[in-house]
Amino acid sequence: MSDGFTTRVEQPSGPVHAGPGTLNYTVNLGLGDQDKPGRSPRRIADDQLRLLRQQFVDPHGMGAARRLRDASRTVILHGAPGSGRTAAARVLLYELHQDTGIFRELLPGEEEGALTDPELVGVGDRLLLNLARADVSQWAQTRTDLSALRTAVQEQQAHLVVVMPHDGVLEAHLQPYRADIARPPAIEVFRRHLRLHRIPHEEYLRRAPALDAFLAEQPPMEEIALFADRVRRARAAHPAHDGFPTWCERSRDARKQ
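Remember, predicted model here, so these are calculated numbers, not experimental data. Starting from 1, residues in each chain are numbered consecutively following that chain's sequence as written. Residues qualify for local features only when their pLDDT is at least 70, as the model is predicted, and side-chain atom pairs are given and counted only at 80 or more; totals for whole chains, interfaces and linings, by contrast, use all residues. As a rule here, side-chain values cover all heavy atoms of the structure and leave hydrogens and water aside.

Colleague: Please explain helix H5 (residues 186–196) as it appears in this structure.
Modeller: Given 3.6 residues per helical turn, the α-helix brings residues three or four places apart onto the same face. Buried within H5 are the following residues: Ala186, Val189, Phe190, His193 and Leu194. Down the axis of H5, the buried side of the element spans an arc of 140°, and every buried residue falls inside it. Just beyond H5, the residue with positive phi is Arg198, at close to 65°. Whether a residue is buried, partly exposed or exposed follows from its accessible area with a 1.4 Å probe, protein chains only, as a fraction of its type maximum: under 20%, in between, or over 50%, in that order. By the criteria applied, helices consist of DSSP H or I runs no shorter than four residues and strands consist of E runs no shorter than two, each listed in order from the N terminus. The arc in question is formed by the directions pointing from the helix axis toward the C-beta atoms.

As structure tokens, then:
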């Protein structure tokens, strides 16, 4: 799936780490409107993650990542751009369904919360350390701090998934925690979204040249989700006799506008 879904967190716009020193992290719970009365922050986060899980199509290598997560409580997730590694990391943690702890996403930032602080990890927490867009110095500092973080994760019976930069290096002592994933079949991702839009499968099994050309571009997972949503809208706005190929043509044309 896409690296960006409902729980998407953008990188800070300003500088995050320059030169030597402690690399600090911002904490994001994937929670909106936390201060509004009557809203449960945990409930909002669960809803966002549940939607992602419904949209998710396992990339190649996901089974091995799950086995590693269960065996060591730590996964260092690697994949090429477009492989959906950030979405995969969120799903790996969401699937745990622990009774204690919370889901937290950590990003390089300027707030307090260094990885070596043992109080960063609570009992049963599910931590996503997102270094997908980290620069060389950020990734180097994180690798230095990972041992202390993993110790806290083990002591608190928590789980940690690290999304490493696609071109990042990994030392030999960290290789046992590495899981490689590859991009899932784009057509399966597209059809999963159509099913969630409640479009009958017999309507979208016809060949559609506009769809074939779009998927041949190997677009990001998020673009595939948007294409499927435009197909849904084209289907709703135009007579059914137009058919799936025409809906895909309309979606393609709307993408170019």
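Colleague: Help me understand the packing of aromatic side chains, please; the structure alone is not making it clear to me.
Modeller: Each aromatic ring pair is characterised by the separation of its centres together with the angle its planes make. In this scheme Phe, Tyr and Trp rings, the latter by its six-membered ring, pair at centre separations within 6.5 Å, and the angle between planes marks the pair as stacked below 30 degrees, edge-to-face above 60, and tilted otherwise. A complete count under the given rule lists three aromatic pairs for this structure. An aromatic cluster of at least three residues, connected via ring pairs, comprises Phe190, Phe214, Phe227 and Phe244. A positively charged side chain is recorded as over a ring if its NZ (Lys) or CZ (Arg) lies within 6 Å of the ring centre. The angle to the ring normal must also be within 35 degrees. One cation-aromatic arrangement involves Arg150 over Tyr177; the distance from NZ or CZ to the ring centre is 4.0 Å.

Colleague: What should I look at first to understand the pattern of salt bridges in this one?
Modeller: For side chains bearing opposite charge, pairing can occur when the charged atoms are close. A side-chain nitrogen of Lys or Arg and a carboxyl oxygen of Asp or Glu constitute a salt bridge if their distance falls within 4 Å. Under the criterion given, the structure shown has 14 salt bridges. Glu105 is paired through a salt bridge with Arg90; the nearest N and O atoms lie 3.1 Å apart. With Glu105 in strand S3 (residues 103–108) and Arg90 in helix H3 (residues 85–94), this residue pair connects regions lying 15 residues apart in the sequence. Classification of Glu105 as buried rests on a relative accessible area of 1%. As a salt-bridge pair, Arg207 and Asp212 come within 3.3 Å of each other at their nearest N and O atoms. Exposure remark for Arg207: the relative accessible area of 61% places this residue in the exposed category. We classify Asp212 as partly exposed; its relative accessible area is 34%. Each of Arg53, Asp58, Arg66, Arg69, Asp70 and Glu95 takes part in salt bridges that share partners, so that together they form one network.

Colleague: When you look at the pairing of strand S2 (residues 74–78) in this model, what are you seeing that I'm missing?
Modeller: Looking down a regular strand, the side chains alternate between one sheet face and the other. Most of S2 sits inside the fold, with five of its five residues counted as buried. Burial along S2 is two-sided: Thr74, Ile76 and His78 and Val75 and Leu77, pointing in opposite directions, are all buried. Strands were regarded as paired on the criterion that DSSP finds at least two bridges between them. Direction of pairing for S2 relative to strand S5 (residues 159–163): parallel, over a ladder of four bridges. When the bridges of S5 are listed, Leu77 appears paired with Val163. Taken together, the three bridges between S2 and strand S6 (residues 178–180) define a ladder with parallel strand orientation.

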